[in-house]
Amino acid sequence: MGERCAAVVRVLVLQAAWALSGGQVRYSVPEEAKAGTVVGRLAQDLGLEAGEAEARRLRLVAPGRRASVEVSGASGALLVSSRLDREELCGKSAPCALRLEVLLERPLRVFHVQLEVTDINDNAPVFPAARKNLSLSENSPPGFPFPLEGASDADIGANAQLTYALSPSEHFSLDLQKSNDGNIEPELVLTKSLDRETIPVHRLMLTATDGGRPSLTGTMELVISVLDTNDNRPQFNQSVYKVQLPESAGVGTLLTRVNATDADEGLNSELTYTVTNFIPPSGKDVISINPNTGEILLTGALDFEETKLFNFRIEASDKGTPPLSGHCKLVLEVVDVNDNSPEVWVTSLSVPVPEDASLGTVVALLSVSDRDSGENGRVRCWVWPASPFGLEATFAGSYSLVLREALDRERVSEYEVEVRAEDGGAPALRASRGLRVPVSDVNDNAPSFAQAVYTVLARENNAAGAELARLWARDPDEAANGRVSYSVWDGGVGIGGRAAGSSSGGVGWRPASSYVSVDAESGRLWALQPLDYEELQVLQFEVRAVDAGEPPLSGNATVQLFVLDENDNAPALLPPAGSAAEAGGVAAAESALSLSGAGSESGTLWAWAAWGAPAGQVVAKIRAVDADSGYNAWLRYELWEPRGKGPFRVGLYSGEVSTARALDEADGPRQRLLIVVRDHGEPARSATATLSVSLLEAAEAALAAGSSSSSSSSSAVSRSVAGVELGAGAASAATNVWLVVAICAVSSLFLLAVVLYGASRWAPRAAVLSAPGPTTLVCASEVGSWSYSQRHSRSLCVADGAAKSDLMVFSPNFPPPPPAPAAKDTQPEPSALLDTVSATALFAFAKEISVDFEDFCILGTEETCASLDEE
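Quantities reported herein were computed from a predicted structural model and do not represent experimental measurements. (Residues numbered from 1 in each chain as written. Predicted model: local features only at pLDDT ≥ 70, side-chain atom pairs only at ≥ 80, totals over all residues. Heavy atoms only, no water.)

(A) Main features of the environment of V353. Within the secondary structure, V353 is located in strand β25 (residues 353-354). A sequence separation of 61 residues divides V353 from E414, and the C-alpha atoms of the two residues are 9.5 Å apart. Excluding residues that lie within four positions of it along the chain, V353 makes contacts with V363, L407, V437, P438, V439 and S440. (Helix = DSSP H or I, 4+ residues; strand = E, 2+ residues; numbered from the N terminus. Contact = heavy atoms within 4.5 Å.)

So, in C-alpha cells, the structure goes:
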C-alpha cells in the first residue's frame, strides 16, 4: 500500500511539473477519496516560497459549482474537502476533468488547475425493476423467445462491462445477444411446454455481473405467469350430496353448498350452477340454487307425511370457449318432526247417564290418531278429571269412556270431561276433546226438613186462617222427584188446661188437623180456629213431606206449637176449703164467692177478731186464682176501703189480712174492708171482695169460731159464704212458708242451671217460628218447661221438700207492670210472688208430665194443695 502511495505522488509531481511547463497545473484524484487527502502541493507547484502562499492569500475559485477540494492556507496544498463522486460530477463522460481557478494576490495572478477524478468500481449493476412479471400462454411452443431488459452500471470502462446468468429451470434458458452498440442484451427462451394446472407461475432469478475488481452484481426476479386455456372440465368435490332436513325447516333454510372446481383460470374457471333434474317433479318448488355460489336454499314447505325423499341433478358450467360442464347428484331426505298434534274424535256418545248407572257403563266411544310416525305418532290418552270416568283401550286408536265411580246427580249434575291425548315427540304435542256428560235424576233422595223439630209460637184468640209458620222441606232431586207436597199427620199430642170454675178435669183429645192445617204446595201452616191458651197450651204434631217420584219418598218434621197466653181471664176467688179451731182461742171460718171481673158485684166475707189482738195477727186470708198464665196470672191484693191508717192491712201478694196495730174498743164492733184483686196483664183485670170483721171478746171469738167450724164442715159447698182463717199458729205457719220458699228457691235455681247447661251442650238447636206479631224466642231444649221471659222460674215442691224444675210454662215477652204502691200499714212479702200461679194450668202440666198429683204442693202450703185437690 505504501508503494502505491509513493507511485501516486510521483505521478502527481510529474503532472505538476508538466503543468508548470505548459502554463497549467494538472492533478488526478480517485473518486470517493477521503476528506483531507492531499491532491497536490499547489503552492510549491506554482513556485511560491514557504509562507508566501499565506501572505499572498492563495485561494481556490470554483465558478458555478461547489468545489470538493480546497487550498490549505498554511501549507498551500490542494486538499479533498468533501466527497468526490465521479458519476455525480461527470456521469458516463470520460475522462472526468474539473477546471479550477487559483487566485494569488500582491500582485494579483490567476492560475488554472485541472483536476481529473478517476473511476473506481463503486456501483453495482442495476436492473430497471427488482421484479419483472411475464405472462406466457400454456400452449406456447418450445423455443419461443422472450426479450428481457438488461441491467445498467453507472461506472465506466471495465467497471461497466456486464455479464448475465439465469437461475436453473427445466422450462427456460437464457440467450445473450450483442447489440450494435456493443452492449449485451439477454433473451428468455422456452425450452419445455408449459402446463398452468401443474405450475401456474415460474419464478426465476436473472443476475448481472460487472467487470470491476472486485466485481459487483445486480439481480432481477422474473415472475412468469402461465396463461390458461380452457382445457379442463369443472369437477365437484362430491359426486353425491346427501342432506337431511327436518320438515319444520323454514323457507330460506340453507340445505348445502355444492362446490365444483375448474383447473383452468379466469373465465375458463368461472362456474355457473343449475338444477337440471327434479324427482319427484314437485321438487321444482322445493329448492333453488344460487348460480354463482352454489348455495341451495329451501323455497317451499316440506311435509314428511307427503314426500320423504327428493333427488336433484346439479350442473356446473364454466365460461370458457367452448364451455365445459360437470354434474353431481343431490339427495334430500325429509326428517319427520312432531308437527302434527293428536286428533281425538267422538264416534258415539250416550247421554244423559242415569245417576244409578252401574260401574263399567260405556258413555262414549272415541278414536285417536296422529299423522306423525315413530315416537311422534305414538299416542297416550287419559281422561281429566280422573274420576268418575276412565278410558279403556279397545283396539289400536280406539277407546271407550266408561264409568269408574258411582254418580250422584245431587252432588254433580253435569260433568265437563276432557279426553286428553299426548304423542311421544319431543316436545310432546297434546290435543283434547271436551265432552259434556249430564247426569239424569232418579228418585233417590227423600224430602228433608231443615230441622227435626220446629218450635212455633202463637198467641191465643188468633183469627181463624191466620198463618202460623212456613215449613220447607228440601228435596235435591229434580222435576217430579223433587216436587214436594206437605200434609199434617193426625197423631198430634196436646197439653191443655180448663177455665177456672169448670168442673171438667181437662180438654178432650182431638187430632192436630182440627187445630191446624198445612198448604200442600207452599208448606204454609195456618190455624183452622182461634186458639185458647186455657184449653190448649202445647200442640205437638208431625208434618209429612212427600215427593212425586216413583216410588215416592217422604220425610217428617215435628212441630211444637206453643200457645201464648193473653190476659183474657179475670181473677176468681177459690171456694172454701173448710176451717178448724186454732190455738189461742181465735176461730176462723172460710167461705168463698166467685167473682168474674173488675166491677162485678161482690159478696161479703165474714171474720172475727178478738179485742187486744197484737199487731201482725192474721185475721183472714183471701184466696184467688187466675186462669191465665205468667204475668197475666200474677195477682196482687190491695185494700181499697177504708183508706188511710186503719186497724187492718192486706199482704200485697199473699192476700193475708192482718192487724196493723193492736185492736181496742175505739175501733168499733165491726170493720168493713173492700179488697181488690188485680192481675199484671195488659190491660189488667180485677175482682173485688168485701170482708166484714167483727170485733169480739176473746171468749166470744172462741165460741164464734167453734160454731163456725161445725157449720162450715156441713154446708161449705152448698152456700155462698166467704171464709177466713184465724189462729194463734199463724205466726208459726208464716215461718214455715218462708223456710219452704227458701229451700225451693235454692233447689230450683240449682236444677235450672243444670238443665240449661245440659241443653246448651247436648240439645239440638231448633228455630222458632211464630205467627205474625211479637213472639218470644224459645229454645228447643226448653220445651215443656215453665217460665216467663224474665227467666223467673216457678218451682214446684213435692211432699218430701225436693225442688223440681222440669215443669215450666211459657209466657209472652211483656215487661212486668210495676207493682202498685202498698199502703203504709201493709208489709208486702216476697214469697207472695209465687202464690199467683194458675192452679188450672199447673194441674194440666202436672198431668202432661205424669207426675203424681198428691206429690205437689204449691209454695209448701196445704191450702193450695187442697184447692188443687178439689179441682
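Past the structure itself, the notes keep going.
(B) Quick peek at the packing of aromatic side chains. As enumerated under the stated definition, the model contains 9 aromatic pairs in all. Ring geometry for F449 versus Y454: centroids 6.2 Å apart, planes at 75°, classification edge-to-face. Here F449 matches Y454 in class, with each residue buried. An aromatic cluster is defined as three or more aromatic residues linked by ring pairs; in this entry it consists of F278, F310 and F312. A cation over a ring is seen here: R510 above Y515, with NZ or CZ 4.7 Å from the ring centre. Of note, R643 hangs over the ring of W640, and the distance from its end group to the ring centre comes to 4.1 Å. (Phe/Tyr/Trp six-rings, centres within 6.5 Å; stacked < 30°, edge-to-face > 60°. Buried < 20%, exposed > 50% of the residue type's maximum accessible area, 1.4 Å probe, protein only. Lys NZ or Arg CZ within 6 Å of the ring centre and 35° of its normal.)

(C) Quick look at the pairing of strand β22 (residues 309-318). Sheet analysis places strand β19 (residues 271-279) next to β22, joined by 8 bridges and oriented antiparallel. Among the inter-strand pairings, L271 is bridged to a residue of β22, identified as D318. Here 9 bridges tie β22 to strand β23 (residues 325-335), and the two strands are oriented antiparallel to one another. Across the sheet, the residue bridging to L309 is E333, located in β23. Where β22 folds back onto β23 in an antiparallel hairpin, the turn is made up of 6 residues. (Pairing = 2+ DSSP bridges.)

(D) Seen up close, the sheet that holds strand β49 (residues 686-696). The mixed open sheet is built from 4 strands, whose spatial order is β42-β49-β48-β45. On the outer flanks of this sheet lie β42 (604-610) and β45 (636-641), each paired with one strand and no other. Each strand of the sheet is rotated relative to its neighbour by a mean of 30°, with strand direction disregarded. (Axes fitted to C-alpha atoms, helices over the stretch in contact; angles between N-to-C directions.)

(E) Main features of the sheet that holds strand β17 (residues 254-257). Pairing is antiparallel across the open sheet formed by 3 strands, whose spatial order is β17-β21-β20. Of all the strands in the sheet, the pair left with one neighbour each is β17 and β20 (287-289). Pairwise comparison of adjacent strand axes, ignoring direction, gives a mean angle of 20° for this sheet.

(F) Region of interest: the pattern of salt bridges. The full count for this structure, using the stated rule, is 23 salt bridges. Of the charged contacts, one joins R409 and D441 as a salt bridge, the two residues approaching to 3.0 Å between their closest N and O atoms. Of the two residues, R409 sits in the loop between β29 (398-403) and β30 (414-423) while D441 sits in the loop between β31 (430-440) and β32 (448-449), which places them 32 residues apart along the sequence. The exposure classification of R409 matches that of D441, with both residues buried. Here E478 makes a salt bridge to R409, at a shortest N to O gap of 3.7 Å. One end of the pair, E478, is in the loop between β35 (473-474) and β36 (484-495); the other, R409, is in the loop between β29 and β30, and 69 residues separate them in sequence. A relative accessible area of 8% means that R409 is categorised as buried. Shared partners join several salt bridges into a network, and the residues in it are R196, E197, D228 and E265. (Salt bridge = Lys/Arg side-chain N within 4 Å of Asp/Glu carboxyl O.)

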